[in-house]
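# Notes for the structure review
Spelled out from the first residue to the last, the chains are:
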Amino acid sequence: MTRGEKLYEGKAKVVYATDDPDVYIQDFKDSATAFDGKKKGTIQEKGRLNNAISTRLFSLLEENGVQTHFLGKDSETAMRINRLDMFQVEFVVRNVAAGSLSKRIGYPEGTPLKNPPIVEYYYKDDALGDPLLCMAHLDELGVISREDLEKATAAAVKINSVLKGFFAERGLTLVDFKLEFGKDADGVIRLGDEISPDTCRFWDSETGEKLDKDRFRRDLGGVEDAYEEVLRRIS
Ligand code: UDP
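Below or above, wherever it landed, is the structure these notes cover. Nothing here was measured: the structure is a model prediction, and the numbers come from that model. (Residues numbered from 1 in each chain as written. Predicted model: local features only at pLDDT ≥ 70, side-chain atom pairs only at ≥ 80, totals over all residues. Heavy atoms only, no water.)

## Details of the pairing of strand 4 (residues 31-34)
Short version of the rule: Only when DSSP finds a minimum of two bridges between them are two strands counted as paired. For the purposes of this entry, the term helix denotes a DSSP run of H or I that reaches at least four residues, the term strand denotes a run of E that reaches at least two, and both are numbered from the N terminus.
Two strands pair when backbone bridges link them, and strand 4 and strand 5 (residues 39-42) are joined in this way by 4 bridges, in the antiparallel orientation. Each bridged residue has a counterpart across the sheet, and for Ser31 the counterpart in strand 5 is Thr42. Hairpin connection of strand 4 to strand 5: 4 residues between the antiparallel strands, including Phe35 at a positive phi of 50 degrees.

## What to know about the pattern of salt bridges
The condition is simple: Counted as salt bridges are all cases of a side-chain nitrogen of Lys or Arg within 4 Å of a carboxyl oxygen of Asp or Glu. Throughout, exposure labels follow a simple rule: accessible area from a 1.4 Å probe, protein chains only, divided by the maximum for the residue type, with under 20% read as buried, over 50% as exposed, and the rest as partly exposed.
Enumeration over the complete set of coordinates arrives at 32 salt bridges. With a shortest N-O distance of 2.6 Å, Glu9 and Lys6 are connected by a salt bridge. For Glu9, a relative accessible area of 42% gives the class partly exposed. A salt bridge links Arg233 to Glu229, with the nearest nitrogen and oxygen atoms 2.8 Å apart.

## Some thoughts on the sheet that holds strand 10 (residues 118-123)
Selection criterion: The criterion used for residue contact is that any of the two residues' heavy atoms lie within 4.5 Å. Fitted lines through C-alpha atoms serve as axes, helices being fitted only where they are in contact, and the angles separating the N-to-C directions of these axes extend from 0 to 180 degrees.
Reading across the sheet, the 5 strands line up as 11-10-9-12-15 and stay open at both edges, with antiparallel pairing between neighbours. One side of each edge strand has no neighbouring strand; the edge strands of this open sheet are strand 11 (132-133) and strand 15 (200-204). Pairing geometry for strand 9 (residues 89-94) and strand 12 (residues 172-179), over 4 bridges, is antiparallel. If you follow Val92 over to strand 12, its bridge partner there is Lys178. Packed onto the sheet, helix 4 (residues 146-169) meets strand 9, strand 10, strand 12 and strand 15 and runs at close to 155 degrees relative to strand 12.

## Here's the deal with the site of the ligand
Defined as follows: Only heavy atoms are used to decide nearness, and a residue is near a molecule or strand if one of them lies within 4 Å of it. Definition of a polar contact: a pair of N or O atoms within 3.5 Å, with one able to donate and the other able to accept a hydrogen when the atoms are protein atoms, and with sequence-neighbouring residues admitted only if both atoms are side-chain atoms. Each accessible area value is a Shrake-Rupley result obtained with a 1.4 Å probe; residue values ignore everything except the protein chains displayed when judging cover.
Close contacts around the ligand come from 15 residues, with Arg94, Ser100, Asp176, Arg201 and Arg217 the closest. Interatomic distance of 2.7 Å between a side-chain N/O atom of Arg94 and an oxygen atom of the ligand. Within the side chain of Arg217, one N or O atom sits 2.9 Å away from an oxygen atom of the ligand. In isolation the ligand has 510 Å² of accessible area, and contact with the protein removes 76% of it. The set of elements that each furnish at least two residues to the shell around the ligand consists of strand 9, helix 2 (99-105), strand 12 and strand 15.

## Comments concerning helix 4
What counts is decided by this rule: Expected span of a helix, by definition, is 1.5 Å for each gap between consecutive residues, and there is one gap fewer than residues.
Here helix 4 spans 35 Å end to end across 24 residues, near enough to the 34 Å set by a 1.5 Å rise per residue. Looking only at helix 4, the buried set comprises Asp148, Leu149, Ala152, Thr153, Ala156, Ile159, Asn160, Val162, Leu163, Phe166 and Phe167. One or two positions beyond helix 4, positive phi appears at Gly171, with a value near 75 degrees.

## Details of the packing of aromatic side chains
Worth spelling out the cut-off: Any pair of Phe, Tyr and Trp rings, taking the six-membered ring for Trp, is counted once the centres come within 6.5 Å. Such a pair is stacked with planes under 30 degrees apart, edge-to-face with planes over 60 apart, and tilted for the rest. Two conditions define a charge sitting above a ring: the NZ of Lys or the CZ of Arg must be within 6 Å of the ring centre, and it must be within 35 degrees of the ring normal.
Within this structure, the stated rule accounts for 5 aromatic pairs. Consider the rings of Phe91 and Tyr121, whose centres lie 5.4 Å apart with planes at 90 degrees: the pair is edge-to-face. Highlighted residues: Phe91 in strand 9 and Tyr121 in strand 10, separated in sequence by 30 residues. Taking 5.6 Å as the distance between ring centres and 80 degrees as the angle between the ring planes, the aromatic pair formed by Phe166 and Phe167 counts as edge-to-face. An aromatic cluster is present here, built from Phe91, Tyr121 and Phe181 joined pairwise through their rings. Directly above the aromatic system of Phe216 lies the positively charged group of Lys39, at a separation of 5.3 Å from the ring centroid.

## Let's talk about the nonpolar core
Operational definition: The definition of a nonpolar core used throughout is a set of buried Ala, Val, Leu, Ile, Met, Phe, Trp, Tyr and Cys residues joined through side-chain atoms within 4.5 Å.
Core analysis: the largest hydrophobic core is formed by 51 residues, its most contacted members being Leu57, Phe91, Ile159, Leu163, Leu179 and Phe181. Residue contacts for Phe181: discarding those within four places in its chain leaves Met86, Phe87, Phe91, Ala152, Ala155, Ala156, Ile159, Ile189, Arg190, Leu191 and Gly192.

## Overview of the sheet that holds strand 8 (residues 85-86)
Judged by pairing direction, the sheet is antiparallel, and its 3 strands sit side by side in the order 8-13-14 without closing on themselves. Either end of the sheet is taken by a strand with one partner, and the two such strands are strand 8 and strand 14 (189-191). As paired strands, strand 13 (residues 181-183) and strand 14 are joined by 3 bridges and run antiparallel to one another. When the bridges of strand 14 are listed, Lys183 appears paired with Ile189. Sheet strands touched by helix 4: strand 13 and strand 14. Its angle to strand 13, the strand with the most contacts, is close to 130 degrees.

Structural data, given as structure tokens:
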């Protein structure tokens, strides 16, 4: 499919138009950022690895009845996707305490949640630093209707149950992850963005070794090897 105009360039991906107004191309970059862009770097081969990992996981979700924006592979680093009108909300799904949840509620990292999953909503607003929102804030801001929020939350819970089981069979604990949803031209809610070690926490079930972007955020080394290992386990 021919790439048209570059529509958007983010921290980890570039989105291009195509000759079909409802189809875009999403190209994954090697660049990595953390802490609101304050930490920057390059992870060799990340574009290829995240494209391959996301392709595998979107396909798995589609096989399990979850509607996603994934249409097919475009190149080693890119996929064809449905154009979506994205909700200005990030959905974070958690099974085990880590990262900001550990800081917020005082559970040491690695504490299994009593009633998993917890689904949290964050406002996609760089100027505000993507704050956590309560239901009342969502209603006040009007960023998503209650009906759409309920549908997207149900999809997030289903996605968690599919992915959690899939990773467990491959010796990985799905600790937490971030999802973004939008509506296609027919008003159908679909999962967008990506599912990769950039947006999920994966821990080796036996050793607890971190196989995700925390290796970059926390300067643990072996970042590329960790992403390779995730792809190897799910291939
Ligand atoms: N996450 C993400 N993008 C963000 C914030 C979080 O993909 O802008 C993912 C992150 O990789 C982790 C989960 O969402 O898998 C929960 O992140 P958390 O709130 O703990 O924030 P962090 O500790 O990463 O700052």
